[in-house]
Structures are given as structure tokens and as C-alpha cells.
Amino acid sequence: MSKKPVRVAVTGAAGQIGYALLFRIASGEMLGKDQPVILQLLEIPDEKAQNALKGVIMELEDCAFPLLVGIEAHSDPMTAFKDTDYALLVGARPRGPGMERADLLAANAQIFTVQGKALNAVASRNVKVLVVGNPANTNAYIAMKSAPDLPAKNFTAMLRLDHNRAASQIASKTGKAVAGIEKLAVWGNHSPTMYADYRFATIDGQSVKTLINDEAWNRDVFLPTVGKRGAAIIAARGLSSAASAANAAIDHMRDWALGTNGKWVTMGIPSDGSYGIPKDVMFGYPVTCEGGEYKIVQGLEIDAFSQECINKTLKELTDEQDGVKHLL
Ligand SMILES: NC(=O)C1=CN([C@@H]2O[C@H](COP(=O)(O)OP(=O)(O)OC[C@H]3O[C@@H](n4cnc5c(N)ncnc54)[C@H](O)[C@@H]3O)[C@@H](O)[C@H]2O)C=CC1
Ligand SMILES: O=C([O-])CC(=O)C(=O)O
């Protein structure tokens, strides 16, 4: 018997990431090749954006995806999020050259109060929310705080791009295949302060730390390369990363919905106090997923260098949170 369709809302649907994301959701790469989907697409109420959205919808139709059983275009989150089971909040201004993600806070924060309230009012009570729009952690925090009737744990931020970037750098440093990497963690904010931590990681069962055995590379090459990768892409392309961001969004939602079989992945989630992070801070943690729920990997030893990195990224997040207090 075929499964009941689920509703997937995507904001910023006519943007760069939207264009790299929607076709993969519709083909079943996010929720499984047996899961029909209805796309509920939101763009701003602007003629150009709505026209662009129409064009994207025409292309989706022209793919004749067997799993795509409905497509809706919206300009109001109150209709776009109606009964939605999954919400990917991508729509926001991207940064340009010379900007930090925190510079986007003033421009984008308001979007997430409005959308958090709309999710609170009309979405499925089990909606799984992923915030991609930057600054992703704080926008997710705003959306969560604006939706008091939904469980806080349903709101997450995208750290998966940092996780995938870290995995790729480790694979190239060790000369091994990226698929063999397990137990990688990225702590904190989706920003250059994130702490990509390979102390526990293995590749084909061997310790990554032992294989690399180079603390200076970790500190002076690996962490800055992963942390500044977004800026390097903007410098090279003149536009912020889109296909890799869409890919990370697919990975994040797929793993959350379908499980990781014990494998660690990184998600930005509201802290439950684990590892001394104050409750509700939207923080990147290593997690495993099963039965539609994520669980923080517990009991990891935090050494002095790691604690210093975690404190730095936490301070940035609490400063961002302070900066949006007036909106909540
Ligand atoms: N968390 C992460 O790892 C990453 C996050 N990003 C962020 O994702 C966001 C989107 O990036 P792109 O797709 O490249 O930007 P884009 O400018 O190509 O597309 C954004 C789209 O969102 C729409 N939009 C703006 N406000 C909206 C609202 N209130 N409701 C619905 N739609 C709205 C715009 O009209 C536009 O079509 C940016 O904030 C960017 O910084 C990008 C890469 C990685
Ligand atoms: O850097 C940006 O502004 C876009 C982004 O978040 C990333 O590529 O990590």
C-alpha cells in the first residue's frame, strides 16, 4: 500500500538554494523513495519573486516526479505552513563579500518571528523545522521562541554543511574515502567560531587523530578552512554556497526523519543543558537519530582546547541571542 503524502514547506523557494533543493525533495532523496510529498512553497509577495516561483513550479511539473503529488505557491506563511509536516526555512538574505553572518541578523531576524508565529498557529503539531537562512542558529532560536505551542525540540538549525565540509577536509588530508568517516562532531554556531572536532573520529576504523597526528594542522589549517569555507565560496563564486547547502539540508532532514543507524551527525538543536551549554541555546551537537528523534551523544571528554573553542562559539551565540531579545 502506498504511503500517505506528507506536506513539505520550503521558504525562499525561488532562490539559489531552493533551486538546488526542491527537485531532490520531489525525487524522494529527502524522505525516501516510497514517500509521496506535497510541496508548499513560500516566496515574498513581490511580482518578480512570485514569477520566478511560477517558473520553478513549471520545471517541477516538467520532471513528472512520481512522488510529487501536489505543488502549492504561497506568499503568506499562514497558508504556506498549513498542516505542514516538515518546514525548511531557507528564505532570507544571503551575505555578500566582506560580510559576516552576524551582519545579517538585523536584516533577517524579523522574518523568523513572523514565520515562527505562523508555524505555531497552523503547522502540524509534530512539524520538523530546519532553519537554513543565516544566521541559522539564532534564526532558529527566534522561530522556536515565537512558537510556544510547539515542542522546542522540533526546531533545528543547519550545521550539517560544516560537518560535511569537515569530513571532506579529513578525507583529503588522510587520503581516504569520505564514506569511511564516523564519529565526527561540530560544536556550536554555524559561523567561523564553530568547533569541528575529530578527536573521536575514525576513518575505516582507525583513529583520525592518530592518523593525522598534527595539532598545528588542526588549529592552523583545518579549523580555519572549515570555518571560513562559506566566505571562500563567496569569494570564488561571487555568490554564497547553494548546491552544497541544499545537499546538507537534505542530509539533515533525511537523517532526522529516517534515522542514522547509530552513526553520528551534527545538528543545531536547542540545548538541554548537555556539556554545560545553557538550556535552549541553539547549539551544534553530535547526535544520533532514530524513530524521528535525535539524541545528543553523551559522555564525550572535553579537553582544555575543546572547552576554549566551545566557550568561544557559545559566547558568540549568547551575544546574538541578546541582540534579538527585543523581538521575542
Ligand atoms: N546554514 C547554512 O549552512 C547556510 C545558509 N545559507 C543561507 O541561506 C539563505 C538563502 O540563501 P540563497 O538561497 O543563496 O539566497 P537567495 O537570495 O538566492 O534566495 C533567497 C530567497 O528567499 C526569498 N525570501 C526572502 N525573504 C523571504 C521571506 N520572508 N519569506 C519567503 N521567502 C523569502 C527571496 O525572495 C529569495 O528568492 C541565506 O540566508 C544564506 O546565507 C546559505 C548557505 C549555507
Ligand atoms: O557563508 C555564507 O554566507 C553561506 C553559508 O552559510 C555557508 O556557505 O556556510
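Residues numbered from 1 in each chain as written. Chains lettered and ligands numbered in written order. Predicted model: local features only at pLDDT ≥ 70, side-chain atom pairs only at ≥ 80, totals over all residues. Heavy atoms only, no water.

The helix and strand tally for the protein stands at 11 helices and 14 strands. Relative to the globule expectation of 20 Å for 328 residues, the C-alpha radius of gyration of the protein, 19 Å, shows essentially globular dimensions. Judged by the C-alpha coordinates and their principal axes, the protein covers about 55 × 45 × 40 Å. When each of the 328 residues of the protein is scored for burial, the buried share is 57%. Sequence-distant contacts, at least 24 apart, represent 74% of the contacts inside the protein between residues at least 6 apart. Across the protein, 34 positive and 35 negative side-chain charges occur, with their mean positions spaced 1 Å apart. (Helix = DSSP H or I, 4+ residues; strand = E, 2+ residues; numbered from the N terminus. Rg over C-alpha atoms; globule rule 2.2 N^0.38 Å. Buried < 20%, exposed > 50% of the residue type's maximum accessible area, 1.4 Å probe, protein only. Contact = heavy atoms within 4.5 Å. Lys, Arg positive; Asp, Glu negative; His and termini not counted. Charge placed at Lys NZ, Arg CZ, Asp CG, Glu CD.)

With respect to the secondary-structure elements, Gln169 resides in helix H6 (residues 160-174). Judged by its relative accessible area of 19%, Gln169 is buried.

Lining the immediate environment of ligand 1, one finds 25 residues, of which Gln16, Ile17, Glu43, Val132 and Asn134 sit closest. Arg93 places a polar main-chain atom, nitrogen or oxygen, 3.0 Å from an oxygen atom of ligand 1. Asn134 places a side-chain nitrogen or oxygen 2.8 Å from an oxygen atom of ligand 1. With the chains in place, 86% of the 860 Å² that ligand 1 exposes on its own is no longer accessible. Here ligand 1 is seated within the largest pocket. Those elements that provide at least two residues to the shell around ligand 1 are helix H1 (16-26) and helix H4 (105-122). Partitioned by chemical class, the residues of the shell around ligand 1 number 13 nonpolar, 10 polar and 2 charged. (Near = heavy atom within 4 Å. Polar contact = N/O pair within 3.5 Å; in protein donor to acceptor, adjacent residues only side chain to side chain. Areas by Shrake-Rupley, 256 points an atom, 1.4 Å probe, with all protein chains shown as cover. 1 Å grid on protein atoms, 1.4 Å probe; cavity = no way out; pocket = protein on both sides within 12 Å on 5 of 7 lines; lining within 4 Å. Sits in = over half its atoms within 2 Å of the grid points. Nonpolar A, V, L, I, M, F, W, Y, C, P; charged D, E, K, R; others polar.)

Next up on the list: the pattern of salt bridges. In total, this model carries 15 salt bridges according to the counting rule given. Here Lys153 and Glu293 are joined by a salt bridge, their closest N and O atoms 3.4 Å apart. Of this pair, Lys153 sits in the loop between helix H5 (136-145) and strand E6 (155-157) while Glu293 sits in strand E14 (residues 293-296); the two residues are 140 residues apart in sequence, bridging distant segments of the chain. A relative accessible area of 41% places Lys153 in the partly exposed class. A cluster of three or more residues bridged by salt bridges with shared partners is formed by Arg160, Asp251, Arg254 and Asp255. (Salt bridge = Lys/Arg side-chain N within 4 Å of Asp/Glu carboxyl O.)

Turning next to the UniProt feature "binding site: NAD(+)" (unreviewed entry) in the protein. The UniProt entry lists Gly12, Ala13, Ala14, Gly15, Gln16, Ile17, Gly18, Asn108, Gln115, Val132, Gly133 and Asn134 under the feature "binding site: NAD(+)" (unreviewed entry), expressed in the numbering used here. From the list above, the largest pocket is lined by Gly12, Ala14, Gly15, Gln16, Ile17, Asn108, Gln115, Val132, Gly133 and Asn134. Tracing the sequence through the fold places Ile17 in helix H1. Given a relative accessible area of 16%, Ile17 falls into the buried group. (UniProt positions renumbered as here; feature names shortened; annotations may be inferred.)

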